[in-house]
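Structural overview for review
Okay, here's what each chain looks like letter by letter:
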Amino acid sequence: MLARMKRPLSGVRTLRSRQSWSTFMIAVAWLCAGLAAALLALIVLYAIRRGAAALNLQFFTHLPLPVGIAGGGVANALIGSVEIVLMASLFAMPVGIFAGIYLGLLGRGKLAYSVRFLSDVLTGVPSIAIGVFAYTIIVVPTRHFSAISAAVALAIIMLPIVVRTTEEAVRLVPAAIPEGALALGIPTYKAILLVTVPVARAGIVTGALLSVARVAGESAPLLFTAFGSSFWSPNPNTPTSALPLLIFQYANSPYRDWQQLAWGGALSLIVLIFAINITARLMFRRMAVR
Amino acid sequence: MATESIEIASLPRTTTTAVRLRGAQLADRLVVGFFGLAAWLVLLVVAALFVTLAIAAWPAIKTVGWPALHSALWDPNNGKFGVLSFVFGTLVTSGIALLLAGPVGIGAALVLAEVAPKRLAGPVAMLIELLAAVPSVVFGIWGLFVLAPVMRGAIEPALARTLGFLPLFQGYFFGVGILTAGVLLAIMILPTIAAITRDIFEAVPAHQREGMLALGATKWEVLARAVIPYARSGIIGALVLALGRALGEAIAVAMVIGNKPAISASLFSPGYSLASVVANEFTEATGQQYLAVLVGIGSLLFVLSMLVNVAARLLVWSVGRSQSAARA
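Numbering of residues starts from 1 in every chain and runs along the sequence as written. Both sets of labels track the order of writing: A upward for chains, 1 upward for ligands. With pLDDT at 70 or above as the cut-off, local features in this predicted model cover only qualifying residues; side-chain atom pairs require 80 or more to be listed or tallied, and sums for whole chains, interfaces and linings still use all residues. The basis for every side-chain value is the complete set of heavy atoms in the structure, and neither hydrogens nor water enter the calculation.

**Structural notes on the interface of chain A and chain B**
Let me state the cut-off plainly: Note on definitions: a residue-residue contact is assigned when non-hydrogen atoms from the two residues lie within 4.5 Å. Buried area is understood as the total, over both parts, of accessible area removed when two parts are fitted together, assessed with a 1.4 Å probe. The salt bridge definition used is simple: a Lys or Arg side-chain nitrogen within 4 Å of an Asp or Glu carboxyl oxygen. What qualifies as a polar contact is a pair of N or O atoms within 3.5 Å, subject to a donor-acceptor requirement within protein and to the restriction that residues adjacent in sequence count only when both atoms come from side chains. Secondary structure follows DSSP: runs of H or I at least 4 residues long count as helices, runs of E at least 2 residues long count as strands, and numbering of each begins at the N terminus. In this count, Pro and Cys sit with the nonpolar residues alongside Ala, Val, Leu, Ile, Met, Phe, Trp and Tyr, while Asp, Glu, Lys and Arg are called charged and the others, Gly among them, polar.
Taken together, the 92 residues of chain A in the interface contact 91 residues of chain B. Both faces combined, the contact of chain A with chain B buries some 8300 Å², and carbon together with sulfur accounts for 81% of it. At the boundary of chain A and chain B, one finds two salt bridges. Taken together, chain A and chain B are joined by six residue pairs in polar contact (both at pLDDT 80 or more). Ranked by residues supplied to the side of chain A that touches chain B, first place goes to helix 1 (residues 15–54) of chain A with 18 residues. A class-by-class count of the residues in the side of chain A that touches chain B yields 73 nonpolar, eleven polar and eight charged.

Laid out in structure tokens, this is it:
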């Protein structure tokens, strides 16, 4: 059905004026697209230029040094970020993937509806509010900042992403595939675990990777959970440095050396996140081709 | 495919079919129950989030109370906790962001979905989706070192020269401030708006355009009178989603808003926002009450984002319904 016509197309305006108006408006739209692409490319290119100057071997292998001493690196923040994100994945992925499979294959009725609705709502919750939550339930009772509390905060941010992408992935599997297995007398749980899930595997992994890329750059929820540290923190129960946190703290400092490290951190973060994102997309495309 | 894992031939040899069937039914119930448990766990997490934030905010509500919402006096050392300037900063910066990024994002999405040749549109759309993944702290550092000086040196003076008769564009040029935060947020939500609206435009059925073309419409008339109206509810949804992101953004805003708890008519002046005050002052808060108020602000932000989300859903739902009613 066509949209309702409020005004006739021609009316008093001539064809030529309508055509030039059309050309003008399309040009404006092109301008918008150009502006968007240019602005965003500008930011990334600028971060590459400033960041590349900061990157060297020391950057990846050394601890940050006190102000005034040249050099130093962010190795503890890199390790800390990896540690926190890995723990968060460990918390979020089993729950998220199983809940996603439930929503996609088994869930009908109120439970599935509420989980779907609430995980959509959870996606929209500001990450800093989730940081406050993790602070309240873990940092306050244990009386110290820790990598674990940060991982819990990030896991909550990951959860809805993993749930919904897993649901989508298992839904994309044509019904005929598990049905074929069921027709051979395979029990439902085997049809799910051994037929549908392996077929949907690439989609599930894509979602999981995208959720990792999403939380790897989060800084707000780490402020009062991981807190940051200038040293190695092998114990996940102690304050830990993380890359986004370090960028925030060093960028706001008045010292050029630290600002330089912050730019290096920003570039490493961009490269890391783009790499995860592109891998995820390529994997998904490969599955679609198959 | 995982067909190799289904070993039909081995079935009768191991056990009798009846025992196997009963075992399978039990296993079925167990596995389904296990998946259901995971779903319940997700519910539990959200419920815990609600309850914890409500309980944690309670001391702030009790001691500072609702008057805090209509006072802009923020002086934690003397027990003054007016949060109005934060609410103001959050709303104004998000408003500026939506005003700037909305039209540009929709325009870009129109080009990508409807006008540009597929060969160009595909990679550009992929690039924009990739840029939506750039972390906010990266936007923040760029805003602090690049955008703020440009705003102070070029854009704010130019605005003051041309639109200086408005109180909005008067006063000193700080570089960091409400306007800079709004512009930075606009850049941050731009990829979100463009990527989602593009998907929505692509979902508009071809016959909508064909009908319009058949009536002799120009290219723009097709877009403005068939494609955009059809996609309206989705566009609103995308905008509200972007608004939610802008409202809750803490880090990037904290880096460029100026961190001054004040309400000023001028967009050039420094301000503060709900999310950024929590980000900046949480670890430095001294005293139970100060901390409780900051937790309260976090909860306020949570409630605000929930309201925006639910409003978006209702809006999309009602627009969608009136559209299908008009179509029926």
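**Some remarks on the packing of helix 3 (residues 75–106) of chain A against helix 8 (residues 188–216) of chain A**
Residues and elements named next belong to chain A. This is how it is decided: Under this scheme, a helix contributes an axis fitted over its contacting stretch, all axes are lines through C-alpha atoms, and angles between N-to-C directions fall in the 0 to 180 degree range. An angle counts as roughly parallel when it lies under 35 degrees, as roughly antiparallel when it exceeds 145, as roughly perpendicular when it falls between 65 and 115, and as oblique in every other case. Crossing handedness is defined as follows: a turn of the near helix away from the far one that is anticlockwise and smaller than a right angle gives a left-handed crossing, while the clockwise case is right-handed.
Interhelical geometry of helix 3 versus helix 8 gives an angle of 135 degrees and a closest axis separation of 10 Å. Judged by the inter-axis angle, helix 3 sits oblique to helix 8. Helix 3 and helix 8 meet at a crossing whose hand is right-handed. Counted together, Val85, Ser89, Met93, Ile97, Ile101, Leu105 and Leu106 of helix 3 and Ile192, Thr196, Val197, Ile204, Ala208, Ser211, Val212, Val215 and Ala216 of helix 8 form the full contact between these two elements.

**Brief notes about the environment of Leu184(A)**
Among the structural elements, Leu184(A) can be located in the loop between helix 7 (176–183) and helix 8. Sequence separation between Leu184(A) and Leu122(A) is 62 residues; the distance between their C-alpha atoms is 40 Å.

**As for helix 10 (residues 274–281) of chain B**
Along an α-helix, a turn takes 3.6 residues, which lines up residues three or four apart on a common side. Which entries qualify depends on this criterion: Type-normalised accessible area, obtained with a 1.4 Å probe on protein chains alone, sets the label of each residue: buried when under 20%, exposed when over 50%, and partly exposed for intermediate values.
For helix 10 of chain B, the tally of buried residues reaches eight of eight residues, placing the bulk of the element in the interior. Taken together, the buried positions of helix 10 of chain B are occupied by Leu274(B), Ala275(B), Ser276(B), Val277(B), Val278(B), Ala279(B), Asn280(B) and Glu281(B).

**Overview of the pattern of salt bridges**
Following the criterion strictly, the structure yields ten salt bridges over all chains and no others. Ionic pairing is found between Glu221(B) and Arg18(A), a salt bridge with its closest N-O pair at 2.8 Å. Of this pair, Glu221(B) sits in helix 8 (residues 219–248) while Arg18(A) sits in helix 1, placing the two residues on different chains. Comparing Glu221(B) with Arg18(A), the two get one shared label, buried. Put simply, Asp199(B) and Arg198(B) hold a salt bridge, and the shortest N to O gap is 3.7 Å. Accessibility expressed as a relative area gives 14% for Arg198(B), which makes it buried. Here the salt bridges do not stand alone but share partners, grouping Arg116(A), Asp120(A), Arg164(A), Glu167(A) and Arg171(A) into one network.

**A closer look at the confidence of the model for chain A**
Keep this limit in mind: Looking at any residue, its pLDDT shows the predictor's confidence there, from 0 to 100.
The share of residues in chain A with pLDDT of 70 or more is 94%, and the mean pLDDT across the chain is 84. For chain A, the element scoring lowest by mean pLDDT is helix 2 (residues 57–61) of chain A, at 76; helix 6 (residues 147–172) of chain A scores highest, at 90.

**Brief notes about the packing of aromatic side chains**
Where two aromatic rings form a pair, the distance of their centres and the angle of their planes describe that pair. Defined as follows: The aromatic pairing rule takes the rings of Phe, Tyr and Trp, using the six-membered ring of Trp, and pairs them if the centres are within 6.5 Å, calling planes under 30 degrees apart stacked, those over 60 edge-to-face and the rest tilted. Note on geometry: a ring has a charge over it if NZ (lysine) or CZ (arginine) is within 6 Å of the ring centre and within 35 degrees of the ring normal.
Counting across every chain of the model gives 14 aromatic pairs over all chains. Pairing Tyr113(A) with Phe117(A) gives two aromatic rings, centres 6.5 Å apart and planes at 15 degrees, and the pair type is stacked. Residue Tyr113(A) and its partner Phe117(A) are located together in helix 4 (residues 110–124), separated by four residues, close to a single helical turn. Tyr113(A) gets classed as exposed once you look at its relative accessible area, which sits at 57%. Residue Phe117(A) is classed as partly exposed on the basis of its relative accessible area, which comes to 28%. One aromatic cluster is present, built from ring pairs that chain together Tyr135(A), Phe145(A), Phe224(A) and Phe282(B). Its end group placed over the ring of Phe145(B), Arg50(A) keeps NZ or CZ at 5.9 Å from the ring centre.

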